[in-house]
Amino acid sequence: MNKILYTLSFILLLNMSSLAKKKTDNKTLELKSWLQSEAVMISPPAFSDSKDIEGNLFQLSNLIKENYINIKKLKPEENNSLAWNGKQLKWDKANLSKKGSLSTNSTSNGLNYFATYISVDKWSKAKLIAETFPMLEIYLDGKKIASNYQQENKKSKRLTANITLEPGKHCIIIKALSLNNKNTFKLQLEADNGWDKNDFKTSISAEQYLTINKILDGVKVKSSVLSSNGKLALVNYSRTLPPSDKIENWKEILSVSDGKILHSFRGTKLSQITWLPLGNKISYTKNYNGKTSIFIFDFEKGTETEIVKGISYFERYTWAPNTKTLLYSVAKDHSKEWKIRKIQGMEDRLPGFRYRSFLYKLDVESGVKQRLTYGNLSTQLNDISADSKRILFSQSRPDYNEYPYSKQNLYEMNLETYELSTIWEDKLFGGSAQYSPDADKILVQGGPSCFGKLGENIGSQKLANNYDGQLYIMDLKSKKVTPVSIDFDPAIGQTIWNKKDGNIYLKANDKDYVRLFKYDTRNKSFTKLNIQDDVVKNFNISSEGSVLSYISCSISSPYKAYTFDLEKQESSILSDPEKVKFDNVKFGKTENWNFTKEDGKTIIGRVYYPPNFDANKKYPMIVNYYAGTVPVERSFGGRYPLNLYAAMGYVVYLLQPSGATGFGQEFSAEHQNNWGITTADEIIEGTKKFAASHSFINADKIGCIGASYGGFMTMLLQTRTDIFAAAISHAGISDITSYWGEGYWGYSYSVNASGKSFPWNHRKLYVDQSPLFNANKVNTPMLLIHGSVDTNVPLGESIQMYQALKLLGKDVDFVQVKNQNHQILNYTQRILWNNTIFAYFTKHLKDKNQWWNSLYPDENL
């Protein structure tokens, strides 16, 4: 009997041991794929055998502690090299011993770098374990996580580090220093509970998917302004400075012919640097004890001249074309400290309403300053005539008696006689103006209603959407106005009337593209310029008029600076600061996907696919939209970098519902007095049709996300459908009435969203269409995110929706972003905000809640 019991016990222990081994084998991953650099010999410093001032001898461990190379800048890749004191140390595939150990290439003061990549498809946790004889430092994505500063001779030393990996590819770099022939070490990964070794993939390939750090970090090109002859460019750059939340901004002068940097203003305290309209000169401002001086630097003469000093409350300046005259503005905030006060009109609660700005003229040669405007209304300079003799400026003021509740005056002033003439007065829908080259006409940029019905082309719609930018030409003598763009569908933004060829160049939203066009003033036709990329951020034309510069990007490529020869119609690259950063980044395919409604209207959209997309698999999908009248451009990065969503393993469907500008006035006018009903139904219809026509979509795992008006759409959608498995609203509007009354721009935005409708005369729109009043219909898990100091859409819009859904027992979460306004701009908080979105979608669309629980563990409150 005892023999039988002994045998059974032995078998049981054997099985338990086998199960334990199997469990361990399922958890432990030996790291066997490595790159190894050539070794370099590190010598101790001179006099290392003597004591320092504190009586300490030099330690050999200092040889590895010295930060010889910036680890964060290393990009290990087979057959590539890293620079070392004029040498190129080649990365080769490392040879492992039979026991899986790595070894340095030297036995005496030899320093080697080793690298491997670990990829995870989901947020993961593990323990990194090293057994080492030589001294070494271990880095994960540039951050040191473990180290050994003693040469082990008898027994290897065990190092451990708990690591957390966000979805994507991560780089492990080891810096190893061997002092003798005990120069081997090995690493393994032990998956945490909830993961196994199959969740971690190792390789030596540097190819990776897009990450939030790739989007945010690095040098960004912001704008480019050409010198008068177009041969030089003043280019504006910025970069983040992690781990801080600071941003560095600076300008450089580049040669247009070869892109070489001729001068950098990095680190200077100069402001408002710009070219003069004539000559090879720049001007800039300096601040001395709160007062401003303006300087000119002449590159040909190598001289700096102070042309004016001691200006208090200085705001900005503009050169007259002849460079003999300079216009500048002085601005002062007339707000007062208060404990209790009366609000002087609706805008008085807005910061800056008591800010007043006035114009001054400076005669450069004599230094004589002349005040040009005065009074209780600010004046905005619109333009200076080509002969430098006249200026256009405007004044605006609120008027609560007449829709759209503001009025504008436009004036012309003769700078020689100071004679003032009124071009228009009490214009209800204002605009900006610039002179024609001969100054006989002005180009007016405004909405469809800028000149009443003259520029409207809205079909059967009752009110125009005046966010839809239009162009008009007015003859100054006869005051006759011609609506230039009435049949031109793109919504016009920035414009320049070129003095050389007499044509008008403009930037315009053309559906979801932002393109450059030329309007030929002779044959009255628009022509699209053949530029690079999909989205133009801004552009500039040299004073002499032959060269144009622009900043642009595409769906899968960041912003770059170009020049465009207006005669040859050719683009040339000027600056591409992020080119190298994305060399190893693999993007998924993007393509257009449109659908046609029953009424025959086409709703356009586009789709972002994950890298390595496999149509035979099932994918969760994220639906994105704005619907707040501006189309979501085909730009790179942005508030919602959809390529990044795709890199996380989602198919992303973005659509442009009715009411967006860039599709023609009739289409954009549908935004008026709709507040999401039509657009919600279009989003639902598009989502259903896309999922039904694509078998790779998991129709049970579709999420949606939008911000601002798009956040409102997220809330509204959940009151009208249950097709979504998760919904995210950032800075969304839950009650149209409270947004209309409390948001800083609520009632003014409503001019184009609910024109002539108010809470007291349109209850159906303001109340019945507000998500808050339909909260009981919500069944979809919802995340509400909001900046704590949002002035555009007040925080209360999310608070009251959260409160309603909580009382109704719905699945809702609420995340506030401290001290952030309508957009999340702080670097650290931007990353946390982004991870919050991904963690929430991972929880509900991939059924993995670890990431979310790590960010927001339940507190026992």
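Cut-offs used in this document
Residues numbered from 1 in each chain as written. Predicted model: local features only at pLDDT ≥ 70, side-chain atom pairs only at ≥ 80, totals over all residues. Heavy atoms only, no water. Helix = DSSP H or I, 4+ residues; strand = E, 2+ residues; numbered from the N terminus. Rg over C-alpha atoms; globule rule 2.2 N^0.38 Å. Buried < 20%, exposed > 50% of the residue type's maximum accessible area, 1.4 Å probe, protein only. Phe/Tyr/Trp six-rings, centres within 6.5 Å; stacked < 30°, edge-to-face > 60°. Lys NZ or Arg CZ within 6 Å of the ring centre and 35° of its normal. Pairing = 2+ DSSP bridges. Salt bridge = Lys/Arg side-chain N within 4 Å of Asp/Glu carboxyl O. Axes fitted to C-alpha atoms, helices over the stretch in contact; angles between N-to-C directions. Contact = heavy atoms within 4.5 Å. Core = buried A, V, L, I, M, F, W, Y, C linked by side-chain atoms within 4.5 Å. 1 Å grid on protein atoms, 1.4 Å probe; cavity = no way out; pocket = protein on both sides within 12 Å on 5 of 7 lines; lining within 4 Å. Points joined across faces, edges and corners; volume = space filled by probe spheres on them. Nonpolar A, V, L, I, M, F, W, Y, C, P; charged D, E, K, R; others polar. Parallel < 35°, antiparallel > 145°, perpendicular 65-115°, else oblique. Expected span 1.5 Å × (residues − 1). Arc of directions from axis to C-beta.

Draft legend 1. Main features of the overall build of the protein chain. When you go through the protein chain residue by residue, the secondary structure sums to 13 helices and 52 strands. For 861 residues, the compact-globule formula gives about 29 Å, and the C-alpha radius of gyration of the protein chain, at 32 Å, lands near that figure. Taken along its principal axes, the extent of the C-alpha atoms in the protein chain is 115 × 70 × 60 Å. Sorting the 861 residues of the protein chain into buried and exposed places 53% on the buried side.

Draft legend 2. Representation of the packing of aromatic side chains in the model. Across all of its chains, the model carries 53 aromatic pairs by this definition. Judged by centre distance (6.4 Å) and plane angle (40°), the ring pair of phenylalanine 314 and tyrosine 317 falls under tilted. Owing to a relative accessible area of 15%, phenylalanine 314 belongs among the buried residues under this scheme. For tyrosine 317, a relative accessible area of 9% gives the class buried. A ring pair is formed by tyrosine 802 and phenylalanine 814, whose centres lie 5.3 Å apart and whose planes are at 40°; its orientation type is tilted. Residue tyrosine 802 is located in helix α11 (residues 796-807), and its partner phenylalanine 814 is located in strand β52 (residues 812-817); the two are separated by 12 residues in the primary sequence. Phenylalanine 814 gets classed as partly exposed once you look at its relative accessible area, which sits at 23%. A connected cluster of aromatic rings, assembled from ring pairs, spans Tyr403, Tyr405, Phe429, Trp740, Tyr747, Phe758, Trp760 and Tyr766. Its end group placed over the ring of phenylalanine 353, arginine 356 keeps NZ or CZ at 5.5 Å from the ring centre. Sitting above the plane of the tyrosine 513 ring, arginine 515 keeps its charged end 3.9 Å from the centroid.

Draft legend 3. Spotlight on the pairing of strand β37 (residues 513-520). Of all eight residues in β37, seven are buried, a share of seventy percent or more. Examined bridge by bridge, strand β36 (residues 504-510) and β37 share seven bridges and lie antiparallel to one another. By the bridge assignment for β37, lysine 507 is matched with leucine 516. Hairpin connection from β36 to β37: two residues lie between these consecutive antiparallel strands, with lysine 511 at a positive phi of about 60°. Linking β37 back to strand β38 (residues 525-528) in an antiparallel pair, the connection comprises four residues, with lysine 524 at a positive phi of about 55°.

Draft legend 4. Region of interest: the pattern of salt bridges. Scanning the entire structure with this criterion turns up 31 salt bridges. Taking the shortest distance from any N to any O, the salt bridge between lysine 453 and glutamate 456 comes out at 3.4 Å. A salt bridge links lysine 701 to aspartate 847, with the nearest nitrogen and oxygen atoms 2.9 Å apart. With lysine 701 in strand β49 (residues 697-707) and aspartate 847 in the loop between α12 (827-845) and α13 (850-855), this pair connects stretches of sequence that are 146 residues apart. With a relative accessible area of 18%, lysine 701 lands in the buried category. Through salt bridges with shared partners, a single network forms among Lys597, Asp599, Lys601, Glu670 and Glu682.

Draft legend 5. Summary view of the sheet that holds strand β21 (residues 291-298). Read across the sheet, four strands follow the order β19-β20-β21-β22 without closing on themselves; strand pairing throughout is antiparallel. Two strands lie at the open edges of the sheet, namely β19 (271-275) and β22 (303-312), each paired on one side alone. Taking the axes of each pair of neighbouring strands and ignoring which way they run, one obtains an average angle of 20° across the sheet. Pairing between strand β20 (residues 281-288) and β21: eight bridges, direction antiparallel. Along β21, the bridge assignment pairs tyrosine 288 with lysine 291.

Draft legend 6. Region of interest: unusual backbone geometry. Note that the residue after proline 242, namely proline 243, is joined by a cis bond; omega there is 10°. Inspection of the secondary structure puts proline 243 in the loop between β16 (232-240) and β17 (247-255). Tyrosine 403 connects to proline 404 through a cis peptide bond whose omega is 10°. Here proline 404 lies in the loop between β28 (390-398) and β29 (406-414). At tyrosine 418, a position not held by glycine, the phi torsion is positive, near 65°. Of note, tyrosine 418 is situated in the loop between β29 and β30 (420-427).

Draft legend 7. Representation of the pairing of strand β4 (residues 81-84) in the model. Burial along β4 is one-sided: Leu82 and Trp84 are buried, and none of Ser81 and Ala83, which face the opposite way, are. Pairing of β4 with strand β5 (residues 87-93) involves four bridges; the strand directions are antiparallel. The residue bridging leucine 82 from the neighbouring strand is leucine 89, located in β5. As consecutive antiparallel partners, β4 and β5 are separated by two residues, and within that stretch asparagine 85 has a phi angle of approximately 45°, a positive value.

Draft legend 8. Here's a closer look at the sheet that holds strand β51 (residues 782-787). Taking strand neighbours across the sheet as the criterion, the eight strands line up as β43-β46-β48-β47-β49-β50-β51-β52 in an open arrangement whose pairing is mixed. Looking at the sheet topology across the chains shown, the edges are occupied by β43 (590-592) and β52. Averaged over neighbouring strand pairs, the angle between their axes works out to 20° when direction is ignored. With four bridges connecting them, strand β47 (residues 619-624) and strand β48 (residues 651-655) associate as parallel partners. From the neighbouring strand, asparagine 624 faces β48, where its bridge partner is leucine 654. Strands β47, β49, β50 (726-730), β51 and β52 of the sheet are contacted by α12, whose axis makes an angle of about 160° with β50.

Draft legend 9. Just the nonpolar core, in detail. Ranked by size, the top nonpolar core spans 98 residues in total, and within it Ile138, Ile174, Phe200 and Leu548 carry the most contacts. If one sorts the elements of this core by residue count, α12 sits on top with nine residues. With 59 residues, the next largest nonpolar core counts Trp593, Ile736, Val793 and Leu805 among its residues.

Draft legend 10. Seen up close, the environment of valine 481. Summarising the element assignment, valine 481 is placed in strand β34 (residues 481-483). Judged by its relative accessible area of 15%, valine 481 falls in the buried class. When the C-alpha positions of valine 481 and glutamate 416 are compared, they lie 27 Å apart, and in sequence the two are 65 residues distant. Ignoring anything within four residues of it in the chain, the contact list for valine 481 reads Phe451, Leu454, Tyr472, Ile473 and Met474.

Draft legend 11. Looking closely at empty space enclosed by the protein. Summed over all chains, the structure comprises four cavities of 30 Å³ or more. Considered as a void within the structure, the largest cavity measures approximately 60 Å³ in volume. Surrounding the largest cavity, Tyr403, Tyr405, Trp740, Tyr747, Ser750, Val751, Ser754, Gly755, Lys756, Ser757, Phe758 and Tyr766 form its lining. A per-element tally of the lining of the largest cavity places helix α9 (residues 746-753) first, with three residues. For the lining of the largest cavity, a count of residues per class yields seven nonpolar, four polar and one charged.

Draft legend 12. The packing of helix α6 (residues 677-693) against helix α7 (residues 709-718), seen in detail. At a minimum axis separation of 10 Å, α6 and α7 run at an interaxial angle of 70°. If you check the angle between α6 and α7, you find them roughly perpendicular. Residues Ile677, Thr679, Ala680, Ile683 and Ile684 of α6 form the contact with α7, whose participating residues are Met713, Leu716 and Leu717. In terms of residue class, the contact of α6 with α7 is made up of seven nonpolar, one polar and no charged.

Draft legend 13. Broad picture of α11. Spanning 12 residues, α11 covers 16 Å between terminal C-alpha atoms, matching the ideal 16 Å at 1.5 Å per step. Among the residues making up α11, those that are buried are Glu797, Ser798, Met801, Ala804 and Leu805. Within α11, the buried residues cover an arc of 130° as seen down the axis, which keeps them to one side. After α11 finishes, the residue glycine 809 shows a positive phi value of roughly 75°.

No statement about biological role is implied by the geometric values presented.
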